[in-house]
Amino acid sequence: MLPTQLPLRLVAATRLTTSTTFVARSLLTRRVLVPSFTRLYATPAKPKKGSIGETAKRGRTTKTTSTTGAKPKTTTRKATTKTKAPAKAKQPSKTATLKAAAKQRAVERAAKSKAKKAEQAAKKREREKQKRAKAKAQTTSSGLTVKELKAQALAPPKVASSSAWIVFYAGRVRNNPSAVRGAGGVTQVVKDVKREYDNLSSSEKESYERRAKEEKADSEREYKRWVEGHGAEDIRKANVARAQLRRLKIRGAKQYKPIQDERALKKPISAYLRFNKERFQSGQHRGSVPEQAKESGRVWKELGDHEKKDYYEAYEKDLAAYNREYEALYGHPAPKKAATTPKAKTTT
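Just so it is clear, the structure is predicted and the values come from calculations on it, not from any experiment.

Participant: Could you clarify how one ought to interpret unusual backbone geometry in this entry?
Facilitator: With glycine set apart, most residues show a phi of negative sign, and most peptide bonds adopt trans. Although it is not a glycine, L154 sits at a positive phi angle of roughly 65°. Counting through the fold element by element, L154 comes out in the loop between α4 (146-152) and α5 (164-175). Phi is positive for K249, close to 55°, though the residue is something other than glycine. Positionally, K249 belongs in the loop between α8 (232-248) and α9 (271-281). Accessibility expressed as a relative area gives 69% for K249, which makes it exposed.

Okay, structure coming up:
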């Protein structure tokens, strides 16, 4: 059968190469010539058989023969993989190096300062601890230790400084104690109660004011009964012990305030203070307090003995009355005091 009698697709395929061969095959019921192709080109994935690429890929020996009759040469090529050299680390600039060094020095200084402060705080705590222990062990001018002074100072009841807000808040918390342990805690409870208190009417606030005054009056009466339940000498000793505890500056010394006793006697004022009081009542004081004190001192020094005599005599009279009342109240004479009579001036 002639090629012209083949199908068009087979005729087109026969024209692709001159090395096409035809093989007789049976196609359907007729015998036709089917072309058989041999690949004459290579691809990267499939190199031509016997080529360098295939040999390098398989890593085996190939033989190449020249057409001029030279001796065949046998070469062996092995596949090699190229490795990139590691990139050199970039050197930091001089400015960056200086900044890093300065930052490191700042960190070191901060660490040293923090350690120094911690050490100083620890030393201070240790000194205070030793000071308290020493003050607790030492005896005071009265021959008593701190523990004995605390026992002598007594413990009077506290006077409530009540107000309408305190009464309202205490009532709300007392009625709902679980609210304090809620999610918001004490802060949220205070905010809620404050909002309720602000919304109260004036009449409701007045009622809470009356309750606050009543509570304060009750606490004052209880305080007075407690004081009167102790002797005047006991209260006096308690106040002396409290004064010594405040001078020692022990922990909690501020709570040892003087006990208020209406039976306590007031010492008479000195002759100079009596003179200064008269000047103030007469309206002779002018200017600020330091200026008034300076002017009073100057005038007092300029007075003669006969002018000061009246002030000293009034002081001695009050002092004698004070001593009599003191002995009657406390059962023992008042402590002696230096003489306050004026010294006679010597004239030349």
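From this point, the discussion proceeds with the structure in view.
Participant: Explain α9 here, please?
Facilitator: One turn of the α-helix equals 3.6 residues, which is why residues spaced by three or four share an orientation. Residues A271, R274, F275 and R279 constitute the buried set of α9. Within α9, the buried residues cover an arc of 140° as seen down the axis, which keeps them to one side. Exposed residues pointing more than 90 degrees away from the buried face of α9 are listed as F280 and Q281. Packed against the buried residues of α9 are α10 (289-302) and α11 (305-330).

Participant: Please explain the packing of α5 against helix α6 (residues 185-198) as it appears in this structure.
Facilitator: Here α5 crosses α6 at 120°, and the two axes come no closer than 10 Å. Overall, the two elements α5 and α6 adopt an arrangement that is oblique. Considering only the axes of α5 and α6, their crossing is right-handed. Where α5 abuts α6, its residues A164, W165, F168, Y169, R172 and V173 lie against V186, V189, V190, V193, K194, E196 and Y197.

Participant: Just to check I follow, could you spell out the confidence of the model for the protein chain for this structure?
Facilitator: Regions with low pLDDT should not have their predicted coordinates read in detail. Of all residues in the protein chain, 67% have pLDDT values of 70 or greater, and the mean over the chain is 77. The least confident element of the protein chain is strand β1 (residues 21-27), whose mean pLDDT is 46; the most confident is α11, at 93. Scored below 50 in pLDDT, residues 16-29 makes 25 contacts in the model with residues more than four places away or belonging to other chains. Note on residues 61-69: pLDDT is under 50 here. Beyond four places in sequence and across chains, it has 12 contacts.

Participant: I would appreciate a short explanation of the side chain of D261 in the present structure.
Facilitator: Along the chain, D261 turns up in the loop between α8 and α9. Judged by relative accessible area, D261 falls into the buried class, the value being 13%. For D261, the side chain forms a polar contact with the side chain of R263, separated by 3.1 Å. Once residues within four sequence positions are removed from consideration, D261 is found in contact with V227, A232 and I235.

Participant: I would appreciate a short explanation of the nonpolar core in the present structure.
Facilitator: Listed in full, the 9 residues of the largest apolar core are A164, V167, F168, V189, V193, Y197, L200, Y208 and A212. Filtering out sequence-adjacent residues up to four positions away, V167 remains in contact with S162, Y208, R211, A212 and E215. Among the nonpolar cores identified, the runner-up in size contains 8 residues, and L149, A241, I250 and A253 belong to it.

Participant: When you look at the pattern of salt bridges in this model, what are you seeing that I'm missing?
Facilitator: Any two side chains of opposite charge can pair if their charged atoms end up close together. Considering all chains together, one arrives at 12 salt bridges under this definition. Here R195 ties to D192 by a salt bridge, and the two come within 3.1 Å at their closest N and O atoms. One end of the pair, R195, and the other, D192, are both in helix α6, 3 residues apart, so they sit about a helical turn from each other. We classify R195 as partly exposed; its relative accessible area is 48%. The residue K194 makes a salt bridge to D198 at a minimum N-O spacing of 2.8 Å. Taken as a pair, K194 and D198 lie in helix α6 at a separation of 4 residues, close to a single helical turn. Through salt bridges that share partners, E295, R298 and E302 make up one connected network.

Participant: Help me out: how do you make sense of the packing of aromatic side chains in this one?
Facilitator: Aromatic ring pairs are defined here through the distance separating the ring centres and the angle between the ring planes. Across all of its chains, the model carries 11 aromatic pairs by this definition. For the pair W300 and Y312, a centre-to-centre distance of 6.2 Å together with 55° between the ring planes defines the contact as tilted. With W300 in helix α10 and Y312 in helix α11, this pair connects stretches of sequence that are 12 residues apart. On the numbers, 4.6 Å between centres and 55° between planes, the contact of Y326 with Y330 is tilted. You can see Y326 and its partner Y330 sitting in helix α11, 4 residues apart, about one turn around the helix. Since its relative accessible area comes to 6%, Y326 is described here as buried. What links up through ring pairs into an aromatic cluster is the set W165, F168, Y169, Y197 and Y208. Seen from the ring of Y197, K205 lies directly overhead, with NZ or CZ sitting 5.1 Å from the centre. Here R236 stacks its cationic end above the ring of Y330, 5.9 Å away from the centre of that ring.

What counts, and where the lines are drawn
- Residues numbered from 1 in each chain as written.
- Predicted model: local features only at pLDDT ≥ 70, side-chain atom pairs only at ≥ 80, totals over all residues.
- Heavy atoms only, no water.
- Helix = DSSP H or I, 4+ residues; strand = E, 2+ residues; numbered from the N terminus.
- Buried < 20%, exposed > 50% of the residue type's maximum accessible area, 1.4 Å probe, protein only.
- Arc of directions from axis to C-beta.
- Contact = heavy atoms within 4.5 Å.
- Axes fitted to C-alpha atoms, helices over the stretch in contact; angles between N-to-C directions.
- Parallel < 35°, antiparallel > 145°, perpendicular 65-115°, else oblique.
- Left-handed = near helix turned anticlockwise from the far one by under 90°.
- pLDDT = per-residue confidence, 0-100.
- Polar contact = N/O pair within 3.5 Å; in protein donor to acceptor, adjacent residues only side chain to side chain.
- Core = buried A, V, L, I, M, F, W, Y, C linked by side-chain atoms within 4.5 Å.
- Salt bridge = Lys/Arg side-chain N within 4 Å of Asp/Glu carboxyl O.
- Phe/Tyr/Trp six-rings, centres within 6.5 Å; stacked < 30°, edge-to-face > 60°.
- Lys NZ or Arg CZ within 6 Å of the ring centre and 35° of its normal.

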